[in-house]
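Here's the letter readout for the chains.
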Amino acid sequence: MRSSLDQRTRAAAASLVATLPLRSDDDTAFIGVDLDVLGAQLASLRNAFPDSVRHSIAIKTMPHPEMLAHLIDLGFGLEAASLEEVQLALAAGAAPSDLIFDSPVKTRSEIAWCQANLPGALLNANSIAELHRYPASPSFQVGLRINPEVATGAPTEFDVSGERSKFGVAISTPRPVLVDACIDAGVTALHMHIGSQVPTCDAHVEAVGRLLDVAAELDAVRAERRDDRRITTLDIGGGMRSEVDGDAVMSLYGQRLRAERPSLFDYDVRTEFGQWVQANAGWAATRIESVEERAAPMAFVHLGADYFVRDVYGASGASSYGFAVVRPDGRVAMAGDDAEATRPYDVVGPLCFAGDVLARDLVLPELDEGDWLVIAGTGANTLGLWSRHCGRAVPKVVASAGGDCVVWSGRRLPS
Ligand SMILES: Cc1ncc(COP(=O)(O)O)c(C=O)c1O
């Protein structure tokens with residue numbers, strides 16, 4: 001039986017084959033979105049939680065305007081990390097009440113803009129100092145991000161729950177200071193996002209428990225002070241690692257929250273997942289420009305550190321994605337296929353620096369100029385991080401559904 005990784009990779013190869021008729025001469029690479037896979041991920045996300053939970057998808061993970069419009073059409077909200085992302089979301093058709101705005105560096109003028117233009121949005125302040133910038137009668141809902149200070153197990157660069165994190169108000173802040181700041185600013189939402197690529201749901205469940213404690217304590221003080229306002233909303237962020245095998249971790253998270261944190265669902269619950277939703281729904285393909293016999297066989301391709309920014313600069317490389325080869329006649333080949341001769345290749349990107357290497361000694365079917373290398377599972381934090389280094393064009397972006405393929409945007413210079 002084929003592994004899920006193989007199936008995902010073959011589906012990506014089939015998407016490339018469906019895309020090739022849309023190719024122009026200068027299309028040396030494609031970025032693809034599989035809307036069927038995306039739809040399945042989104043359905044699994046909804047199924048994992050009670051119907052009342054409102055899911056906002058992190059824009060930064062895949063900010064293509066067509067993606068945002070698609071998510072809005074399907075009834076999802078959007079989480080913006082900058083005012084520019086807020087404006088992208090509005091341009092894509094989002095209503096202000098569909099938006100969560102989480103930038104850690106909101107300027108006074110951005111806050112004034114939100115006051116005038118984002119009635120009903122949720123703004124999560126990153127600090128008590130930020131709360132002091134907010135208007136006395138905000139048109140938006142005021143949230144405060146709490147750092148629950150849990151051990152997440154996330155990679156260091158994505159772990160935001162440590163004591164030196166720049167995000168949120170540490171939960172160890174003396175409680176009267178935290179509570180008074182929330183009461184003074186009229187905070188009605190508490191927010192957490194503990195990190196990205198968090199491997200299990202343990203840390204999330206723990207963090208939600210801590211957030212619930214703060215909410216209960218704050219509301220108890222409000223009741224004592226005869227302040228009618230209450231925490232109505234708990235925004236539990238994103239951060240789950242992507243799953244090639246379906247939705248086991250996400251559905252377990254939902255089950256554990258229902259079983260272990262049932263009072264969570266007394267609140268208006270918001271989520272902000274990104275990578276878990278998008279990773280499997282994306283693929284990329286690059287033409288093999290040349291294959292050269294150097295110290296190791298070397299395949300030159302048209303996507304490198306410009307698209308795989310995290311993988312290449314983070315030095316993990318891109319070898320954990322799924323790889324397939326599509327021959328010029330449309331035939332699909334994968335390492336491990338019967339009768340497919342393979343070789344280990346150094347797969348090197350197009351940028352002019354030594355580190356632009358996707359993988360060393362990657363075992364692939366024998367490659368030739370004009371073949372296509374398909375890379376599956378690239379839907380998160382790739383296009384959104386496109387690097388202008390060497391000024392190369394952003395490839396054509398295509399989306400497929402039910403075997404049909406459309407162009408979302410043409411090949412273009414990075415703006
Ligand atoms: C505040 C916030 N919410 C949600 C996300 C999405 O995280 P992930 O893609 O790990 O689900 C991020 C990612 O950086 C974030 O900073």
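The rules behind each value
- Residues numbered from 1 in each chain as written.
- Predicted model: local features only at pLDDT ≥ 70, side-chain atom pairs only at ≥ 80, totals over all residues.
- Heavy atoms only, no water.
- Near = heavy atom within 4 Å.
- Polar contact = N/O pair within 3.5 Å; in protein donor to acceptor, adjacent residues only side chain to side chain.
- Areas by Shrake-Rupley, 256 points an atom, 1.4 Å probe, with all protein chains shown as cover.
- Domains from an automatic or database assignment.
- Contact = heavy atoms within 4.5 Å.
- Buried area = accessible area lost by both parts, 1.4 Å probe.
- Salt bridge = Lys/Arg side-chain N within 4 Å of Asp/Glu carboxyl O.
- Helix = DSSP H or I, 4+ residues; strand = E, 2+ residues; numbered from the N terminus.
- Nonpolar A, V, L, I, M, F, W, Y, C, P; charged D, E, K, R; others polar.
- 1 Å grid on protein atoms, 1.4 Å probe; cavity = no way out; pocket = protein on both sides within 12 Å on 5 of 7 lines; lining within 4 Å.
- Points joined across faces, edges and corners; volume = space filled by probe spheres on them.

### Some remarks on the site of the ligand
Of all residues adjacent to the ligand, which total 13 residues, the nearest are Ser 196, Gly 239, Glu 272, Gly 274 and Gln 275. Taking Glu 272, its side chain carries an N or O atom lying 2.7 Å from a nitrogen atom of the ligand. Burial of the ligand by the surrounding chains reaches 88%, relative to a free accessible area of 390 Å².

### Some points on the domain arrangement of the protein chain
Segmenting the protein chain into domains produces domain 1 (4-34 + 280-409) and domain 2 (63-273). Averaged C-alpha coordinates put domain 1 and domain 2 at centres separated by 35 Å. Counting residues at the interface gives 11 residues for domain 1 and eight residues for domain 2. Of the roughly 850 Å² buried between domain 1 and domain 2, counting both surfaces, carbon and sulfur atoms make up 68%. Across the contact surface, domain 1 and domain 2 share zero salt bridges. There are three residue pairs in polar contact (both at pLDDT 80 or more) connecting domain 1 and domain 2. Looking at which element gives the most residues to the side of domain 1 that touches domain 2, the answer is helix H1 (residues 4-19), with three residues. Here the side of domain 1 that touches domain 2 is composed, by residue class, of five nonpolar, four polar and two charged.

### Focus on empty space enclosed by the protein
Summed over the entire model, instances satisfying the criterion amount to two cavities of 30 Å³ or more. Reported here for the largest cavity is a volume of approximately 80 Å³. Every residue lining the largest cavity is counted, 16 residues in all, and those nearest its centre are Gly 32, Met 62, Gly 282, Thr 378 and Gly 379. Within the residue set of the lining of the largest cavity, elements represented by two or more residues are strand E1 (29-34) and strand E11 (282-287). No other element matches E1, which puts three residues into the lining of the largest cavity. Of the residues contributing to the lining of the largest cavity, the split by class is eight nonpolar, eight polar and no charged. Each pocket or cavity is described by its volume, and for the second largest cavity that value is around 60 Å³. Secondary-structure elements contributing two or more residues to the lining of the second largest cavity are H1 and E11. For the lining of the second largest cavity, the element with the most residues is H1, which contributes four residues. When its residues are assigned to classes, the lining of the second largest cavity shows six nonpolar, three polar and two charged.

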